[in-house]
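# Geometric and topological summary
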Amino acid sequence: MVYQPPVGDILFSIQHIADGFGGGNTLDAELTAAILDEAGKLCAGEIAATYDVAEQSPPVLEDGVVTTPDAYHNAYRAWCEGGWPGLTGPDAHGGQALPQLLAVGVHEMLNAASMSFATGPVLTLGAIEALAAHASPELQATYLPKLLSGEWTGTMNLTEPQAGSDLALLRSTAVPQDDGTYRISGTKIYISYGEHDLTDNIVHLVLARLPDAPPGTRGISLFLVPKVLVNEGGSLGERNDVWCTGVEHKMGLHGSPTCTLTYGDNGGAVGYLVGEENRGLHCMFTMMNNARLVVGIQGVGVAEAAFQRARHYAAERRQGRHAGMDQTDAVAIIEHPDIRRELMVIRAQTAAARALCHLTAAALDSAHHSEDKTTRAHAQARADLLTPLAKAYSTDIGIDGASRGVQVHGGMGFIEETGAAQLLRDVRVAAIYEGTNGIQAIDLVTRKLPMQGGAVAAALVDVLKQITEDVAASSSADIATLASTFGTALDDFEAALSHFARLSNAEPDKVLAGASAMLRLAAVTTGGIYLGKGIASAASAGEDTGPLFAAQFETARFFATHLMPETATQL
């Protein structure tokens with residue numbers, strides 16, 4: 001089965017759901033289509049070629065060096081030659097400064113083609129964003145051009161053996177030196193692409209504590225620690241005191257080296273402060289928020305790949321008969337209603353998750369680039385609210401889609417040669433890393449919904465109400481009928497918001513107990529209504545003919561009628 005980049009679906013979502021070609025956004029429809037087409041060719045070619053290799057020839061650790069297979073080198077070279085590492089990076093350091101909304105479309109296809117390979121390049125994008133936002137001009141000048149060209153890659157070092165998601169328990173230390181540098185010591189685990197041979201340097205962003213730091217998260221600082229030290233002129237110097245001392249044997253993502261990194265066995269690794277002392281978590285959240293959206297799009301990409309793989313198999317596999325057929329004949333299993341239902345669930349959930357990720361990216365673009373200060377603030381608040389929905393819902397449906405894909409394959413889905421099981425194993429971690437989905441739900445109900453006294457959530461509800469009214473007023477009766485389902489889901493959403501507001505101070509444990517249900521309700525309501533916006537927008541623009549619109553309409557209708565009633569169960 002050959003992956004077919006869903007450029008039409010992505011463009012439809014960008015244009016009609018996220019309003020990507022209006023409102024002052026720098027995206028142009030023709031240019032965006034051309035860029036996505038080129039990215040699609042790369043992903044369907046060199047990147048997809050790494051998918052099977054990840055299972056057959058995973059990276060090998062020997063004497064502190066991780067060796068990756070040739071297919072990974074070919075794919076990474078093609079990724080860099082196309083200029084993709086610098087897609088959204090600052091142009092002052094060699095980036096292209098293109099919108100996040102475009103990048104999200106590219107990253108969906110990248111992850112659909114090979115999530116194991118994609119994990120490395122997308123982590124580098126997070127490192128670029130953190131350094132661009134918080135590093136000194138000197139550090140930016142030294143490291144950003146190499147990261148933006150892909151000559152070097154970046155990592156995020158948070159987790160330690162005794163501290164998983166609880167960063168207050170971090171023990172890694174940073175001792176200041178007379179020359180302004182720091183000596184970093186400690187052990188970090190679960191570091192994706194923490195060691196590899198794709199580039200000659202790796203830029204680690206490491207959380208650690210100063211000797212006099214206050215306890216808990218208030219005492220964490222962020223440091224840039226290169227694998228190889230950089231001389232004044234930019235050439236590479238001595239190897240730094242950071243070594244890979246283990247590579248995890250994992251359930252999935254076998255092609256992605258997940259490393260244990262040991263700092264300071266020979267006096268301390270040289271590190272450079274990023275941002276202010278004891279403000280490292282603030283700096284790292286820039287990278288983490290980027291990573292959460294990227295992980296959300298990983299879920300979308302894998303769900304899309306699972307849908308395509310399952311649909312292809314269902315069209316080829318012949319089993320079972322219609323009433324009255326000869327017992328020696330059989331039909332393709334895609335003709336069986338239950339198989340079509342499974343495929344439509346995957347497709348509809350993927351579209352809703354894609355919408356959430358695109359809306360989040362569009363809000364981030366507005367927050368970063370709008371000329372109006374008030375608009376930037378409102379957009380950032382909207383992005384903050386949507387990020388946990390995009391991360392958690394999208395990764396949940398990635399897992400669900402991959403699981404349904406195995407089910408469509410039947411017994412062959414349980415056999416490795418079809419590749420269906422690999423998707424499920426690979427995507428399972430997406431609900432865990434970059435903040436588990438339970439943590440996303442807690443973040444939503446304790447921090448995001450109460451923002452500005454609930455005004456940010458209320459503003460989203462107002463937008464969803466307006467969309468519902470616009471759908472109801474559509475000249476297409478088929479589209480207008482969806483408004484009643486949207487209205488019911490909105491009633492459920494508002495009832496839940498009122499309930500949580502009442503409980504927030506009096507019974508915080510009940511708020512936490514209902515956090516995951518609240519996130520699911522918010523995501524299903526928002527994603528479903530925005531799918532309705534997409535088809536209503538396309539219809540009003542006269543784009544309501546042809547197979548693409550027909551597929552978008554059936555997807556939105558299926559989500560509204562079959563999946564949105566779930567909101568009543570989350571109250």
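Notes on the structure in this doc start here. (Residues numbered from 1 in each chain as written. Predicted model: local features only at pLDDT ≥ 70, side-chain atom pairs only at ≥ 80, totals over all residues. Heavy atoms only, no water.)

Since one α-helical turn is 3.6 residues long, residues separated by three or four positions face the same way. Here helix 13 (residues 455–472) contains 18 residues, and its C-alpha end-to-end distance of 26 Å stays within 8% of the 26 Å for a straight helix at 1.5 Å per residue. Taken residue by residue, helix 13 has Val-456, Ala-457, Leu-460, Val-461, Leu-464, Ile-467, Thr-468 and Val-471 as its buried positions. Each buried residue of helix 13 sits inside an arc of 140 degrees when the element is viewed along its axis, so together they form one side. Next to the buried residues of helix 13 lie helix 10 (373–409), helix 14 (477–480), helix 15 (482–506) and helix 17 (515–540). (Helix = DSSP H or I, 4+ residues; strand = E, 2+ residues; numbered from the N terminus. Expected span 1.5 Å × (residues − 1). Buried < 20%, exposed > 50% of the residue type's maximum accessible area, 1.4 Å probe, protein only. Arc of directions from axis to C-beta. Contact = heavy atoms within 4.5 Å.)

The next subject is the pairing of strand 3 (residues 153–157). In terms of burial, strand 3 is largely enclosed, as five of its five residues are buried. Every second residue of strand 3 is oriented toward a common face, with Thr-153, Thr-155 and Asn-157 on one face and Gly-154 and Met-156 on the other, all of them buried.

A few words on unusual backbone geometry. Most of the time, phi is negative for any residue but glycine, and the peptide bond is trans. Even without glycine at this site, Glu-434 takes up a positive phi of about 60 degrees. As for its placement among the helices and strands, Glu-434 is situated in the loop between helix 11 (420–427) and helix 12 (437–448). On the basis of relative accessibility, which here comes to 17%, the residue Glu-434 falls in the buried class.

A few words on helix 8 (residues 280–316). With 37 residues, helix 8 extends 53 Å from end C-alpha to end C-alpha; this agrees with the ideal 54 Å at 1.5 Å per step. By the largest-angle criterion, Thr-286 marks the main kink of helix 8, which is about 25 degrees. For helix 8, the tally of buried residues reaches 30 of 37 residues, placing the bulk of the element in the interior. (Bend = angle between axes of the 7 residues up to and from the residue.)

In this section: the packing of helix 4 (residues 70–81) against helix 6 (residues 115–134). For any two helices packed against each other, one specifies the inter-axial angle together with the distance between the axes. Packing of helix 4 against helix 6 leaves a shortest axis separation of 11 Å and a crossing angle of 45 degrees. One finds that helix 4 runs oblique with respect to helix 6. The crossing of helix 4 and helix 6 is right-handed. Here Tyr-72, Ala-75, Tyr-76 and Trp-79 of helix 4 lie close against helix 6, whose contacting residues are Ser-116, Phe-117 and Pro-121. Here the residues of the contact of helix 4 with helix 6 are counted per class, giving six nonpolar, one polar and no charged. (Axes fitted to C-alpha atoms, helices over the stretch in contact; angles between N-to-C directions. Parallel < 35°, antiparallel > 145°, perpendicular 65-115°, else oblique. Left-handed = near helix turned anticlockwise from the far one by under 90°. Nonpolar A, V, L, I, M, F, W, Y, C, P; charged D, E, K, R; others polar.)

Attention shifts here to the state of the cysteines. Inspection of every chain in the model, using the stated rule, returns zero disulfides. Take Cys-43: it sits in no disulfide, and the sulfur closest to it among the cysteines is that of Cys-80, at 13 Å. Using a relative accessible area of 1% as the deciding quantity, one classes Cys-43 as buried. (Disulfide = S-S within 2.5 Å.)

Take Ser-370: it is sitting in the loop between helix 9 (337–369) and helix 10. A distance of 3.3 Å separates a polar side-chain atom of Ser-370 from the backbone nitrogen of Asp-372. Not counting chain neighbours up to four residues away, the residues in contact with Ser-370 comprise Asp-365, Thr-375 and Arg-376. (Polar contact = N/O pair within 3.5 Å; in protein donor to acceptor, adjacent residues only side chain to side chain.)

All chains considered together, the criterion is met by 20 salt bridges. For Glu-416, the salt bridge goes to Arg-425, with nearest N and O atoms at 3.0 Å. For Arg-425, a relative accessible area of 15% translates into the label buried. Between Lys-448 and Asp-443 there is a salt bridge, with the nearest N and O atoms lying 2.8 Å from each other. Residue classification places Asp-443 among the buried positions, given a relative accessible area of 8%. Taken together, the shared-partner salt bridges connect Asp-338, Arg-341, Glu-342, Asp-400 and Arg-404 into one network. (Salt bridge = Lys/Arg side-chain N within 4 Å of Asp/Glu carboxyl O.)

Attention shifts here to the nonpolar core. Soluble globular proteins: nonpolar side chains tend toward being buried together. In this structure, Leu-36, Tyr-393, Met-518 and Phe-559 are the most contacted members of the largest nonpolar core, which totals 127 residues. Ignoring sequence-local partners within four residues, the contact set of Met-518 consists of Leu-444, Val-445, Leu-449, Phe-493, Ala-496, Leu-497 and Phe-500. Judged by nonpolar contacts, the second largest core, of 32 residues, contains Ile-128, Leu-144, Leu-205 and Ile-220. (Core = buried A, V, L, I, M, F, W, Y, C linked by side-chain atoms within 4.5 Å.)

Here the focus is the environment of Ala-402. Checked against the element boundaries, Ala-402 lands in helix 10. For the pair Ala-402 and Ala-420, spaced 18 residues apart in sequence, the C-alpha to C-alpha distance is 7.2 Å.

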